[in-house]
Structures are given as structure tokens and as C-alpha cells.
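Listed here are the chains, written in short residue letters.
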Amino acid sequence: MRQTLSAWIKREWKILLFLALLVVVVFANSLPNGFISDDQAIPKNLPGTTLASIIASPHVITRSLLSFFIYKIAGLSPAAFRISNVFIHIVNVWFVYGL
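Residues numbered from 1 in each chain as written. Predicted model: local features only at pLDDT ≥ 70, side-chain atom pairs only at ≥ 80, totals over all residues. Heavy atoms only, no water.

Novice: Hey, could you run me through the overall build of the chain in this one?
Specialist: In terms of helices and strands, the chain carries 5 helices and 0 strands. Along the chain, from the amino end to the carboxyl end, the secondary structure elements read α-α-α-α-α. Across the 99 residues that make up the chain, the buried fraction comes to 25%. Excluding contacts between residues fewer than 6 apart, the proportion of contacts in the chain whose partners are at least 24 apart in sequence is 62%. Working note: accessible area of the chain is about 7,300 Å², and carbon and sulfur atoms make up 70% of it. (Helix = DSSP H or I, 4+ residues; strand = E, 2+ residues; numbered from the N terminus. Buried < 20%, exposed > 50% of the residue type's maximum accessible area, 1.4 Å probe, protein only. Contact = heavy atoms within 4.5 Å. Areas by Shrake-Rupley, 256 points an atom, 1.4 Å probe, with all protein chains shown as cover.)

Novice: Looking at this structure, I do not really get the packing of aromatic side chains. What am I missing?
Specialist: Scanning the model with the defined rule gives 1 aromatic pair in all. Between W8 and Y97 the ring centres are 6.0 Å apart and the planes differ by 40°, which places this aromatic pair in the tilted class. With a gap of 89 residues between them, W8 in helix α1 (residues 5-28) and Y97 in helix α5 (residues 78-98) connect regions that are remote in the sequence. We classify W8 as buried; its relative accessible area is 17%. (Phe/Tyr/Trp six-rings, centres within 6.5 Å; stacked < 30°, edge-to-face > 60°.)

Novice: Help me understand the nonpolar core in this model?
Specialist: Note that soluble globular proteins tend to have their nonpolar side chains buried in a common cluster. In this structure, F35, I70, Y71, A80 and F81 together form the largest nonpolar core, which totals 5 residues. Sorting the residues of this core by element identifies α4 (61-74) and α5 as the ones contributing at least two each. (Core = buried A, V, L, I, M, F, W, Y, C linked by side-chain atoms within 4.5 Å.)

Written out as C-alpha cells, the structure is:
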């Protein structure tokens, strides 16, 4: 019997909430930190980036597009970039749990 996504979420919401809270707890310590190691390329490349140049590079479009919009909304705030990563991790954990 196949179930709809909304029915699955209604049935599993407590576990999904627990998993989301677990991800937040694990990454909470990183939110106030500055850019480090592999993050260094993000702030260096964004100020001169245009939306057209991102769309022209389809192999990196997802991360670049997300970084571009975060930069336009919050500037070079490391916390803003980290919060978006937390949301991405939450969704990925939910996908893995749904398997």
C-alpha cells in the first residue's frame, strides 16, 4: 500500500522533529564561527558574481545559487551560510530516514 507524503509526515512527525533537533544541536556550536578552510572560496568569489555567471555553470549551480542568494540577503555573514547548511543537513537526514 502506497502512502502519501503528507500521511507519512503526520505519522512520523515526532521522529522528524527529533532528527531536526539533533542536527541543530550538532551544528549549533559552529554558528558563531568565522569562515574557515573550505569556506574561504565562498566569500572571495561572491562579491563579483552575477546570477548569469552562476546559471552558465550548471555543474555547480545548486551550491553557487544558494550562496549567491544568501550573500545578497545577509552579506558575508558566516552565520547565514552556516544556517543554510543546517537546513540542508536537516533535509538530507530526513531523506535518509525516509529510505
